[in-house]
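Below are the chains, spelled out letter by letter.
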Amino acid sequence: MIAVADGAPTDSDLGLFTVLREDGSIDSECDPKIQDATLLEAYRQMRRMRLLDERMILLQRQGRIGFYGACTGQEATPIAAALVLRDSDWVFPALREQAIMLVRGFPLRAFVAQIFGNSGDVLKGRQMPSHQASKAVKHVSWSSCIGPQLPHAVGVAWAMKLRKDPSCTFGFLGDGATSQPDFHAAMTFAGRFNVPAVIVCQNNHWAISLPVAKQTASKTLAIKGRAYGVRSERVDGNDFVALYKVFSEAADRARRGEGPTFVEAVTYRVGAHSTSDDPSRYRTDAEVDAWKKKDPILRLARHLRHLGLITDAFDAKLDEEFAIEIGSVVSEVEALPPPTRESLFDDVYAALPWHLREQLAVLAALPPAPSH
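Below or above, wherever it landed, is the structure these notes cover. (Residues numbered from 1 in each chain as written. Predicted model: local features only at pLDDT ≥ 70, side-chain atom pairs only at ≥ 80, totals over all residues. Heavy atoms only, no water.)

## Structural notes on the pattern of salt bridges
It is possible for side chains bearing opposite charge to pair when their charged atoms get close. All chains considered together, the criterion is met by 25 salt bridges. For aspartate 89, the salt bridge identified is with arginine 255, shortest N-O distance 2.6 Å. Taken together, the residues aspartate 89 in the loop between α2 (76–84) and β1 (90–92) and arginine 255 in helix α8 (residues 240–255) connect sequence positions 166 residues apart. For the residue pair aspartate 89 and arginine 255, the accessibility class agrees, reading buried in each case. One salt bridge in this structure joins glutamate 249 and lysine 245, with 2.8 Å as the shortest N-O distance. Residue glutamate 249 and its partner lysine 245 are located together in helix α8, separated by four residues, close to a single helical turn. (Salt bridge = Lys/Arg side-chain N within 4 Å of Asp/Glu carboxyl O. Helix = DSSP H or I, 4+ residues; strand = E, 2+ residues; numbered from the N terminus. Buried < 20%, exposed > 50% of the residue type's maximum accessible area, 1.4 Å probe, protein only.)

And the structure:
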């Protein structure tokens, strides 16, 4: 669909691939015929993430956690990617892909514990909230610096190719990262070495307060892939069905050794960039309201209603189930103590050198920290 093998471009990096119409009806000519069970699982996971985000933002406003970055309005992209991934594939996230971990089986308790940074956190409180990672679900730790996860995604994909491993990597970025050096380095290597990587840009229109129109002169972000010889596609990021089709095909090509794909998912960040941001200072309510009408969850819900798969009662039961689950986990996790002081010495050396053993002994001899 984009730049083909001989480098000749088509229009799939300039157009916008859509399958689901906003009223929930489907374009039969490009319907990928996704199984009902997959559609329902996507809907469940999207609603779950929406409710989880709402609860975490509330906790931050109450001063119970320090920071949070929600993916409200962008749930379709991470959920579609998660349902396409195989167990052997690796994910290199940006800020709004945490939901992939939950779909792949990461426990909600450990997920929420990372936001609190306490003893239930597998990262031992060393990362800021919304920077979840876990080797168990092949979700790599990342930095808030914009874009450094992309060369990592390409590097691991290159290693997969050298090892003849029929897996792929998914690397994520926001629209702002397409103007960062790490993006260009990653795309150069991805194209030159034909690695099994899917690079996904969630174009939510705002790099914090900078609109795309002020960031780049490119007609689209997807078109940037042409310069690197990377097949590139532009897809409606609020259309789960279109995303699932594009991601499935890109991942299959990568696993077959047919090289990388760059995907621009056109979506919108309905909420603030993070709980540290006030979007009313740089965008209008009218713009936000217009995009709320394109909500990916409502759009998929309309389609499922057309298919007769959900009802109002189904939605109510689902929300009740998730509210109980999230409430129970928050109550349990919030009561956990902080990580032990001794954990400062973990994960640095296979065997502690003598000077750190001495420091650990000194620390162990100190009285316990006062409880709050």
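## A word on the packing of helix α5 (residues 149–162) against helix α6 (residues 181–193)
Where α5 contacts α6, the two axes come as close as 8 Å, and the packing angle between them is 15°. The angle between the axes of α5 and α6 places the two elements in the roughly parallel class. Crossing of α5 over α6 shows left-handed handedness. When α5 is examined against α6, the residues Leu150, Pro151, Val154, Trp158 and Lys161 are found in contact with a partner set consisting of Asp182, Phe183, Ala186, Phe189, Ala190 and Phe193. Here the contact of α5 with α6 is composed, by residue class, of nine nonpolar, no polar and two charged. (Axes fitted to C-alpha atoms, helices over the stretch in contact; angles between N-to-C directions. Parallel < 35°, antiparallel > 145°, perpendicular 65-115°, else oblique. Left-handed = near helix turned anticlockwise from the far one by under 90°. Contact = heavy atoms within 4.5 Å. Nonpolar A, V, L, I, M, F, W, Y, C, P; charged D, E, K, R; others polar.)

## Brief notes about α8
Between the first and last C-alpha of α8 there are 22 Å, a value that for 16 residues agrees with the 22 Å anticipated at 1.5 Å per step. Within α8, 13 of the 16 residues are buried, which leaves the element mostly enclosed by the surrounding structure. Here α8 starts with a cap whose side-chain oxygen sits 3.1 Å from the backbone nitrogen of valine 241, and that cap is aspartate 239. A positive backbone phi angle near 85° is found at glycine 257, which sits one or two residues after α8. (Expected span 1.5 Å × (residues − 1). Polar contact = N/O pair within 3.5 Å; in protein donor to acceptor, adjacent residues only side chain to side chain.)

## Focus: the packing of aromatic side chains
Going through the model one piece at a time under the given rule, you end up with 10 aromatic pairs. Ring geometry for phenylalanine 170 and phenylalanine 247: centres 5.8 Å apart, planes at 85°, overall edge-to-face. Here the residue phenylalanine 170 occupies a position in strand β2 (residues 169–174), and phenylalanine 247 occupies one in helix α8, the gap between them amounting to 77 residues. For phenylalanine 247, a relative accessible area of 0% puts it in the buried group. On the numbers, 5.5 Å between centres and 55° between planes, the contact of phenylalanine 183 with phenylalanine 262 is tilted. With phenylalanine 183 in helix α6 and phenylalanine 262 in strand β7 (residues 261–266), the pair connects residues that are 79 residues apart, well separated along the chain. Taken as a pair, phenylalanine 183 and phenylalanine 262 share a single burial class, namely buried. The positively charged end of arginine 192 is found above the aromatic ring belonging to phenylalanine 193, 5.0 Å away from the centroid. Positioned above the aromatic ring of tryptophan 291, the side-chain terminus of lysine 294 is 5.6 Å from the ring centre. (Phe/Tyr/Trp six-rings, centres within 6.5 Å; stacked < 30°, edge-to-face > 60°. Lys NZ or Arg CZ within 6 Å of the ring centre and 35° of its normal.)

## Quick look at the sheet that holds β2
The strands making up a sheet associate through backbone hydrogen bonding, with each pair oriented either parallel or antiparallel. Read across the sheet, five strands follow the order β1-β2-β3-β7-β6 without closing on themselves; strand pairing throughout is parallel. Strands at the two margins of the open sheet, each flanked by one partner only, are β1 and β6 (231–236). The sheet shows a mean angle of 20° between the axes of neighbouring strands, taken without regard to direction. Here β1 runs beside β2; their pairing, made up of three bridges, is parallel. Bridge pairing links valine 91 to phenylalanine 170 in β2. Seen against the sheet, α2 touches β2, β3 (197–203) and β7 and runs at an angle of roughly 175° to β2. (Pairing = 2+ DSSP bridges.)

## Some remarks on the pairing of β3
Across the seven residues of β3, seven count as buried, placing the element largely inside the fold. Alternating residues of β3 divide into Ala197, Ile199, Cys201 and Asn203 and Val198, Val200 and Gln202, and every residue in both groups is buried. The parallel pair β2 and β3, bridged by α6, forms a crossover whose chirality is right-handed. As judged from the six bridges shared by β3 and β7, these two strands associate in the parallel manner. When the bridges of β7 are listed, asparagine 203 appears paired with valine 266. (Right-handed = clockwise from strand over helix to strand, strands pointing away.)

## Quick word on the packing of helix α4 (residues 108–116) against helix α11 (residues 312–334)
It is at 9 Å that the axes of α4 and α11 come closest, and there the two elements cross at 50°. Considering their axes alone, α4 and α11 lie oblique with respect to each other. Between α4 and α11 the crossing geometry is right-handed. Across the interface between the two elements, Leu108, Arg109, Val112, Ala113 and Phe116 of α4 pack against Glu325, Ile326, Val329, Val330, Glu332, Val333 and Glu334 of α11. Broken down by class, the residue content of the contact of α4 with α11 amounts to eight nonpolar, no polar and four charged.

As far as function goes, none of this settles anything; it's purely spatial.
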